[in-house]
Amino acid sequence: MSQFDDFDHESHVRRAIDLAREAANRGDRPFGSVLVRDDAVVMEASNRVVTEDDVRRHPELHLAYRACREMSAAARAETVMYTSTEPCPMCAGGMRSAGFGRVVYSVGGDEIGEFVGDAPPVRSAEVLDGVTEVAGPVLNEEGRAVHEAYGWGDSD
């Protein structure tokens, strides 16, 4: 049994989905993430690629960056990232460097292709293999609803 098995996965994924919805309402793409340690949210972020005009402002990558600056490697290993959508290869690479204990997502990378028209070339579990455990989907219908409401293709 993992130290993360007793965490309130649905509550944390739901917060990530709320952040994704907030991002979409702000004019960014619908992605949100939270970092959780000891079953409590310690950091959160939502996509800001459009509003910050910065391709790096995916929430997973931004949280990995912040965690590396603000937390020890041991603390990061005891941290779970909950995210509205499975991390893209860029974000998974940043997360690999951060060394989180687990990532839990709502919408899979295979599913995101349905919305954006192109699935990622590599799934996060491949990038994170041997470093971070990948679990999901959790609250998949709720996560998919945010992408369905966003209207991919209408704004790009």
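Bear in mind that the values here come from a model prediction, so they are computed numbers and not experimental data. (Residues numbered from 1 in each chain as written. Predicted model: local features only at pLDDT ≥ 70, side-chain atom pairs only at ≥ 80, totals over all residues. Heavy atoms only, no water.)

**Brief notes about the sheet that holds strand 4 (residues 102-107)**
Point 1. Ordered by their spatial adjacency, five strands build an open sheet running 2-1-3-4-5, and the pairing between neighbours is mixed. Sheet topology places strand 2 (40-46) and strand 5 (133-135) at the edges, where each strand pairs with a single neighbour. Across the sheet, the axes of successive neighbouring strands diverge by a mean angle of 20°, strand direction being ignored.
Point 2. In this structure, strand 1 (residues 32-37) lies alongside strand 2, joined through six bridges in antiparallel fashion. Paired with Gly 32 across the bridge in strand 2 is Ser 46.
Point 3. Contacts from helix 7 (residues 140-150) reach strand 3 (79-85) and strand 4, with the element oriented near 60° to strand 4. (Pairing = 2+ DSSP bridges. Helix = DSSP H or I, 4+ residues; strand = E, 2+ residues; numbered from the N terminus. Axes fitted to C-alpha atoms, helices over the stretch in contact; angles between N-to-C directions. Contact = heavy atoms within 4.5 Å.)

**Notes on the layout of surface pockets**
Point 1. By volume, the largest pocket is sized at about 360 Å³.
Point 2. The wall of the largest pocket is formed by 20 residues, among which Phe 31, His 58, Cys 88, Ile 112 and Val 116 lie closest to the centre.
Point 3. Of all the secondary structure elements, the ones that give two or more residues to the lining of the largest pocket are helix 4 (89-98) and helix 5 (109-116).
Point 4. Take the lining of the largest pocket: its biggest share by element is three residues, from helix 5. (1 Å grid on protein atoms, 1.4 Å probe; cavity = no way out; pocket = protein on both sides within 12 Å on 5 of 7 lines; lining within 4 Å. Points joined across faces, edges and corners; volume = space filled by probe spheres on them.)

**Remarks on the nonpolar core**
Point 1. Membership of the largest hydrophobic core comes to 15 residues, with the highest contact counts inside it found for Leu 35, Leu 63, Met 81, Met 95 and Phe 100.
Point 2. Elements with a minimum of two residues in this core: strand 2, helix 2 (59-70) and helix 4.
Point 3. The contact partners of Leu 35, leaving out residues within four places of it in the chain, are Ala 40, Val 41, Val 42, Met 43, Leu 63, Ala 67, Thr 79, Val 80, Met 81 and Phe 100.
Point 4. Of all hydrophobic cores here, the second largest spans 14 residues; its members include Leu 19, Ala 20, Val 36 and Val 104. (Core = buried A, V, L, I, M, F, W, Y, C linked by side-chain atoms within 4.5 Å. Buried < 20%, exposed > 50% of the residue type's maximum accessible area, 1.4 Å probe, protein only.)

**Some points on a negative patch on the surface**
Point 1. A surface patch of negative charge is lined by Asp 6, Asp 8, Glu 10, Asp 38 and Asp 39.
Point 2. Note on placement: Asp 39 falls in the loop between strand 1 and strand 2. (Patch = residues over 30% accessible without salt bridge, like charges linked within 9 Å, V, L, I, M, F, W, Y side chains within 5 Å. Areas by Shrake-Rupley, 256 points an atom, 1.4 Å probe, with all protein chains shown as cover. Salt bridge = Lys/Arg side-chain N within 4 Å of Asp/Glu carboxyl O. Lys, Arg positive; Asp, Glu negative; His and termini not counted. Charge placed at Lys NZ, Arg CZ, Asp CG, Glu CD.)

**Here we look at the environment of Phe 7**
Point 1. Within the secondary structure, Phe 7 is located in the segment before helix 1 (9-26).
Point 2. Separated by 145 residues in the primary sequence, Phe 7 and Trp 152 place their C-alpha atoms 32 Å from one another.
Point 3. Beyond its immediate chain neighbours, meaning those up to four positions away, Phe 7 contacts Val 36, Asp 38, Asp 39, Val 80 and Tyr 82.

**Digging into the pairing of strand 3**
Point 1. Of all seven residues that make up strand 3, seven are buried, and the element is covered over most of its length.
Point 2. Relative to strand 3, strand 1 runs antiparallel, the two sharing five bridges. Paired with Val 36 across the strands is Val 80, a residue of strand 3.
Point 3. Read as a crossover between parallel neighbours, the route from strand 3 over helix 4 to strand 4 is right-handed. (Right-handed = clockwise from strand over helix to strand, strands pointing away.)

**Quick notes on helix 1**
Residues three or four positions apart in an α-helix share a direction because the helix packs 3.6 residues into each turn.
Point 1. The terminal C-alpha atoms of helix 1, which comprises 18 residues, lie 26 Å apart, in line with the 26 Å expected from a rise of 1.5 Å per residue.
Point 2. All of the buried residues along helix 1 are His 12, Val 13, Ala 16, Ile 17, Leu 19, Ala 20 and Ala 23. An end-on view of helix 1 places all buried positions within 155° of arc, on one side of the element.
Point 3. Along its buried surface, helix 1 packs onto strand 1, strand 2, strand 3, strand 4 and helix 7.
Point 4. A positive backbone phi angle near 110° is found at Gly 27, which sits one or two residues after helix 1. (Expected span 1.5 Å × (residues − 1). Arc of directions from axis to C-beta.)

Purely spatial values, then, with no claim about function.
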